[in-house]
Amino acid sequence: MTPGTDRARPLYGALAGLLTGAVAVGVGQLVASLGAQNSSPLVAVGDASIGLAPAPVKNFAISEFGSHDKTVLLIGIGVVLAICAAVIGILGTRRLAYGLAGLGVFAAIGLAAAGTRPGANAGYYAPTLVAAAAGALTLILLLRAIPGSQAPPRHEQPAWAARAADQDRRRFLVTSVAAAGTAVVAGLAGRVLAERGAVTQARAALRLPHPVQMLDDSLPAGADFHIPGLSPFVTSNASFYRVDTALILPQVAPDSWTLRIHGMVEREIEVNFGELLRRPLIETFVTLTCVSDPVEGPYVGNARWLGASLASLIREARPRAGADQILSTSTDGFTCGTPVQTVLDGRDALLAVAMNGLPLPVEHGFPARMVVPGLYGYVSATKWVTDIKLTTFAAETAYWAQRGWAPQAVIKTEGRIDVPVSGATKRAGRIPVAGVAWAQHRGIDAVHVRVDHGPWNQATLAAVPGIDTWRQWRWYWNATPGTHLIEARATDGTGHTQTSFAAPPEPNGASGYPSIQVTIT
Ligand SMILES: Nc1nc2c(c(=O)[nH]1)N[C@H]1C(S)=C(S)[C@@H](COP(=O)(O)O)O[C@H]1N2
Ligand SMILES: [Mo]
């Protein structure tokens, strides 16, 4: 063994460890995609860390990274895994058993996390076990291929030794490339299989029934001012915000979907997807809002939903007196608590199957989700919902309420200035100031705008189909040179004008006037 290869051994070890980790993760993803959904070890570990993360960390992640919080989490897990994998590889160069023991620790963590998956069965352990076996094999092959591992006898001629070292390096390179290729191919195949599977096909094949209560047009007349930069009245499915705790999208096949309604009911019921579609379906516009949406934030969207009346489903189960909470659960274990009274008060609370004329996109809850006008998403809008339990707020606490958010939360009267964009520079003259305002199930009656704390000016409101959506507004401003602060405030259908008090999203929704700064030249 030459001194050079000796010093390089830890580096080779780290590389062997990284490749071992990559093969294990890739193979794990592939095996997971072949079997039960939700069984990916990586996702199980990620979900477990989401579940275990203290509320402030999770809230910070959502407010800082928004819908990208999961990407950040996955990158974080990736970095930690990479470091550990490198260490395992280095340990392996000392003694193979140390490296294998390190792998064993990871397998144990993966198995433990898999066991906590909702609906976990023996099949959930398979991806981790196969991944660990593939990892062990990779580690053994790579460690053996490290140059100098099979040290030539000391009496070898230097020239011979140099040639041997060269061959050794080539052998390590070839083994490494094979390992990297395996990791990439297995990982990609796993991804394609997981996301392009039966559910995507079932969704494409789904024929939506006609609603009994149908809207005339996809866009109500006069609802959209069509001002460039202003949020369109209808948010397209592609640009609709997404907020959930799912690391990979739950893949729920419609023919395996059932909704069970149980708990404090006289008559437990279960409906399958065919039965759901045969119920009288309602079509209605509802604006969803996330409680995490900061003032001027992006987590609001308006869509045309098609679904069965949630109230009529609940009534069929005949809730017992005293049941005040509808605790809904999704296939991935997320829970959500909605007041019974709100769902039964006559509003269009839906078990929705379509969004803007298409079957629900998988990321928005395919095949069925709840939509309840007037309540923030975390207490009303369960996606991939399969279980509804009638209970009480005193007896059970839903996912976000366990983490410090209000157990019940009505959407606050709020708005957003979309035009001009904050920070923009515009020419002096008459320019439109426009935005959207919302107070779902109370409606928007007025919006006022002021400049530099001057008098409030009444904005013109667009038409709306009802009180459950946001409402566009616009006001023409004679802009004069200088830097200006523009604020807006909305008044809802109950006569209540939104508060100027600036509250953060936690625990029950942000408040305060939306405002922008513009420079006029
Ligand atoms: N299964 C599931 N449903 C969920 C959530 C979730 O994390 N998991 N998040 C809720 C929250 S906080 C919001 S704001 C809405 C967002 O719905 P969207 O992603 O379709 O816009 O979904 C709700 N439904
Ligand atoms: Mo939310």
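The paragraphs below set out a description of the structure included in this document. (Residues numbered from 1 in each chain as written. Chains lettered and ligands numbered in written order. Predicted model: local features only at pLDDT ≥ 70, side-chain atom pairs only at ≥ 80, totals over all residues. Heavy atoms only, no water.)

**Section: the overall build of the chain**
So, step 1. Looking only at helices and strands, the chain features 11 helices and 19 strands.
So, step 2. Along the three orthogonal principal directions, the C-alpha set of the chain runs to about 95 × 70 × 40 Å.
So, step 3. Counting all 521 residues of the chain, 51% fall into the buried class.
So, step 4. Looking at the chain as shown, the accessible area adds up to about 23,100 Å², and 60% of this sits on carbon and sulfur atoms.
So, step 5. When the 41 positive and 36 negative side-chain charges of the chain are each reduced to one mean point, those points stand 8 Å apart. (Helix = DSSP H or I, 4+ residues; strand = E, 2+ residues; numbered from the N terminus. Buried < 20%, exposed > 50% of the residue type's maximum accessible area, 1.4 Å probe, protein only. Areas by Shrake-Rupley, 256 points an atom, 1.4 Å probe, with all protein chains shown as cover. Lys, Arg positive; Asp, Glu negative; His and termini not counted. Charge placed at Lys NZ, Arg CZ, Asp CG, Glu CD.)

**Description of the sheet that holds strand E11 (residues 414-419)**
So, step 1. If you walk across this open sheet you meet the four strands as E11-E13-E17-E16, and the pairing is antiparallel. With partners counted over all chains shown, the strands left at the sheet margins are E11 and strand E16 (460-461), one partner each.
So, step 2. Bridging between strand E13 (residues 429-438) and strand E17 (residues 471-479) involves nine bridges; their strand directions are antiparallel. Bridge pairing links Val-433 to Trp-475 in E17. (Pairing = 2+ DSSP bridges.)

**Quick notes on the pattern of salt bridges**
So, step 1. Inspection of the entire model under this criterion finds 14 salt bridges.
So, step 2. Asp-244 is paired through a salt bridge with Lys-383; the nearest N and O atoms lie 2.8 Å apart. Of this pair, Asp-244 sits in the loop between helix H8 (198-205) and strand E1 (258-263) while Lys-383 sits in the loop between strand E9 (369-371) and strand E10 (385-391), placing them 139 residues apart in sequence. Residues Asp-244 and Lys-383 agree in their burial class; the two are buried.
So, step 3. Among the ionic pairs, Glu-283 bridges to Arg-304, the shortest N-O distance being 2.7 Å. On the criterion of sequence distance, the pair formed by Glu-283 in strand E3 (residues 281-289) and Arg-304 in strand E4 (residues 300-309) is long-range, its members being 21 residues apart. (Salt bridge = Lys/Arg side-chain N within 4 Å of Asp/Glu carboxyl O.)

**What to know about the site of ligand 1**
So, step 1. Around ligand 1, the structure places 18 residues, and the nearest of them are Tyr-241, Thr-245, His-364, Arg-369 and Lys-383.
So, step 2. Contact distances for ligand 1 include 2.7 Å between an oxygen atom and a side-chain N or O atom of Arg-369.
So, step 3. In the environment of ligand 1, an oxygen atom lies 2.5 Å from a nitrogen or oxygen atom belonging to the side chain of Lys-383.
So, step 4. Across the complex, the protein chains shield 99% of the 530 Å² of accessible surface that ligand 1 would expose by itself.
So, step 5. Class assignment of the residues belonging to the shell around ligand 1 gives a composition of eight nonpolar, five polar and five charged. (Near = heavy atom within 4 Å. Polar contact = N/O pair within 3.5 Å; in protein donor to acceptor, adjacent residues only side chain to side chain. Nonpolar A, V, L, I, M, F, W, Y, C, P; charged D, E, K, R; others polar.)

**A few points about the environment of Arg-267**
So, step 1. By the secondary structure assignment, Arg-267 is in the loop between E1 and strand E2 (269-272).
So, step 2. Residue Arg-267 is classed as partly exposed on the basis of its relative accessible area, which comes to 38%.
So, step 3. In the structure, Arg-267 is positioned 53 residues away from Arg-320 in sequence and 9.7 Å away in space, judged by C-alpha atoms.
So, step 4. Sequence-distant contacts of Arg-267, that is, excluding residues within four places in its chain, are made with Glu-316, Ala-317 and Arg-318.
So, step 5. Polar side-chain contacts of Arg-267 include one of 3.3 Å to the backbone oxygen of Glu-316. (Contact = heavy atoms within 4.5 Å.)

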